[in-house]
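Chain and residue survey
So the chains spell out like this:
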Amino acid sequence: MTSRERLLAAFQLQPVDRLPVNIRGVRAWDRNWVETRDPSYRPVIDAVMEYGDYNDTWGAPAGLFYSAANVTTTETWTEDRDDWIANYTLYHTPGGELRTMYLSSKTGMPGMQMEFMVKDLADLDKVLSVPYEQPRPDCARFFARVAEIGERGLLHCGIHNGLTMLHNIMGSELLAIWSITDRPRLMELLWLFHRRCLDLVDYLLDQGVGPVFAMSGEEYVTPPLHSARDFHEFVVEPEKELAGHIHARGGLLHVHCHGPLTHVLEDFLELGPNCLHPLEAPPMGDVTLEDAKRRIGHSICLEGNIQIGDLYAGKTEDIVAQVRHNYEVTGGEGYILCPTASPHTPTLSDLTVKNYLA
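Every chain begins its residue count from 1, and numbering advances along the sequence as written. Local features in a predicted model are, by the rule used here, given only for residues with pLDDT of at least 70; side-chain atom pairs are given and counted only at 80 or more, and totals for whole chains, interfaces and linings are based on all residues. With hydrogens and water excluded, all non-hydrogen atoms of the structure serve as input to the side-chain values.

The subject of this paragraph is the overall build of the protein. Counting its secondary structure elements, the protein contains 13 helices and 11 strands. When we talk radius of gyration, it's over C-alpha atoms, and the globule rule is simply 2.2 Å times the number of residues to the 0.38. The C-alpha atoms of the protein give a radius of gyration of 21 Å, which matches the 21 Å a tight globule of 358 residues would have. Going through the 358 residues of the protein one by one, you find that 51% of them count as buried. The contact definition used throughout considers only heavy atoms, calling two residues in contact when any of these lie within 4.5 Å. When contacts within the protein are restricted to residue pairs at least 6 apart in sequence, long-range pairs at least 24 apart make up 70% of them. By element, 52% of the accessible surface of the protein is carried by carbon and sulfur atoms, the whole surface being about 15,900 Å². Think of it this way: Lys and Arg go in the positive column, Asp and Glu in the negative one, and His and the chain ends go nowhere. Charged groups are reduced to one reference atom each: NZ for lysine, CZ for arginine, CG for aspartic acid, CD for glutamic acid. Taking the average location of the 30 positive side-chain charges in the protein and that of its 50 negative ones, the two points are 2 Å from each other. Note on conventions: DSSP H or I runs of at least 4 residues are helices, E runs of at least 2 residues are strands, and numbering of each starts at the N terminus. Working definition: with a 1.4 Å probe on protein chains only, accessible area under 20% of the residue-type maximum means buried, over 50% means exposed, and in between means partly exposed. To measure how exposed things are, a 1.4 Å probe is used in the Shrake-Rupley method; for residues, cover is taken only from the protein chains shown.

Two aromatic rings from Phe, Tyr or Trp, using only the six-membered ring of Trp, form a pair when their centres are within 6.5 Å; if the ring planes differ by under 30 degrees the pair is stacked, by over 60 it is edge-to-face, and anything between is tilted. The tally for this structure, following the rule as stated, stands at six aromatic pairs. Plain terms: the ring middles of W77 and Y88 are 5.2 Å apart, the flat faces sit at 5° to each other, and that makes the pair stacked. Of this pair, W77 sits in strand β2 (residues 73-81) while Y88 is found in strand β3 (residues 84-93), placing the two residues 11 residues apart along the sequence. Take W77: its relative accessible area is 32%, and that puts it in the partly exposed class. With relative accessibility at 8%, the residue Y88 sits in the buried group. Ring centres of F142 and F143 lie 5.2 Å apart, and the angle between their planes is 85°; this geometry places the pair in the edge-to-face category.

Before going further, it helps to examine the environment of E328. Structurally, the position occupied by E328 is in helix α12 (residues 316-330). Spatially, the C-alpha atoms of E328 and E290 are 9.9 Å apart, while their sequence positions differ by 38 residues.

Turning our eyes to something else, we now look at empty space enclosed by the protein. Think of a 1 Å grid over just the protein atoms. A cavity is a set of points where a 1.4 Å probe fits yet cannot get out, a pocket is an open set with protein on both sides within 12 Å along at least five of seven lines, and lining residues have an atom within 4 Å of a point. Grid points are joined across faces, edges and corners, and a volume is the space filled by probe spheres set on the points. All chains considered together, the criterion is met by one cavity of 30 Å³ or more. By volume, the largest cavity amounts to about 50 Å³. Along the walls of the largest cavity sit N161, G162, L163, L190, H194, C197, F234, P238, E239 and L242, which together make up its complete lining. Elements represented by at least two residues in the lining of the largest cavity include exactly α6 (162-181), α7 (183-206) and α8 (228-248).

Note on geometry: axes are lines fitted to C-alpha atoms, helical ones only across the stretch in contact, with angles between N-to-C directions running from 0 to 180 degrees. α8 packs onto α7 with a crossing angle of 20° between their chain directions and a minimal axis gap of 10 Å. The angle between α7 and α8 places the two elements in the roughly parallel class. Classified by chirality, the crossing of α8 by α7 is right-handed. Contacts between α7 and α8 pair R183, L186, M187, L190, W191, H194, C197, L198, V201, D202 and L205 from the former with R229, D230, E233, F234, E237, P238, E241, L242, H245 and I246 from the latter. Residues are grouped as follows: Ala, Val, Leu, Ile, Met, Phe, Trp, Tyr, Cys and Pro are nonpolar; Asp, Glu, Lys and Arg are charged; every other residue, Gly included, is polar. In terms of residue class, the contact of α7 with α8 is built from 12 nonpolar, two polar and seven charged. These descriptions rest on fixed angle ranges, namely under 35 degrees for roughly parallel, over 145 for roughly antiparallel, 65 to 115 for roughly perpendicular, and the rest for oblique. We call a crossing left-handed when the near helix sits turned anticlockwise from the far one by less than a right angle, and right-handed when that turn is clockwise.

On to the nonpolar core. Counting residues in each nonpolar core, the largest one holds 88 residues, and the members touching the most others are M170, L204, F268 and L276. If you tally residues by element for this core, the top one is α7, at 12 residues. When neighbours within four sequence positions are excluded, M170 is seen to be in contact with F116, V118, L124, L175, W178 and L186. Working definition of a nonpolar core: buried Ala, Val, Leu, Ile, Met, Phe, Trp, Tyr and Cys residues. They are joined through side-chain atoms within 4.5 Å. Counting residues in each nonpolar core, the second largest holds 12 residues, with A9, A10, V212 and C275 among its members.

Here it is, written out as structure tokens:
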């Protein structure tokens, strides 16, 4: 099997010639990414090039708030803050100004969103003041990337679901508070964004984009920050319609959802993804691979379950034992071996490299 065939078979719970291996975040096929890595990454990059099954993502351009209307202007400026740079953006919408601030690291560490667009209910009116114009992005880059990757792997089409759009404009804290104090207003906006997302997906399907669509953001309303009821109403109800549109056209859906999932695991059966990542076991999550296989593995391909923290600091013999265990639990079918997250430090220690190679 080629990597593409192997991954597609795993997605569809079909037999594979060997266990698919996706080393998340190690973009061995991306020349610019490779050239900008510290030399400590080189052994891992080489191993992925030789043994890995590539998984890349193309994000469909969708405009501001899923609208192609060109009515909003922006201003940007930066402030120096020791090891950080504060990046400000001011959006001039027809209804007024919205401001964001993002901290980017000077030392190669992950950034942090410190200020979101929406800070009060009046800001929602500014968001809604931007008229809706259906986005119709040029998909040429998607097909060019498919040709570049070829049979070495899969290119996913990344889409922001309605919940992700909601979270991106207000953040987790305000989303949680308003889910209690202003739930009807929040749900109205969620479904508005969902309908726009659905329109975009139908357009992409018409252009021949696929077969794999990738969503993330479901983790924003998983327990314990939100209830299982919230997860069903904010995630399952809208997204099962989205999954239905994708499946009806022969497409496949990949969902990336961190965190403890035991109280909502069966909800993914109703939602309808073909593959679920990263399935974090205790102590980071609360679902073992055995439990996930028993409860949803008959319908959904399971991906992940190797903790990124263990790759950074665990014993190599424990990594080997975990990989063997995961293979035995799944029988090598309906499972993609994958870390729970991408490498996130500027350099990799000798131990981390050893664990990745193992």
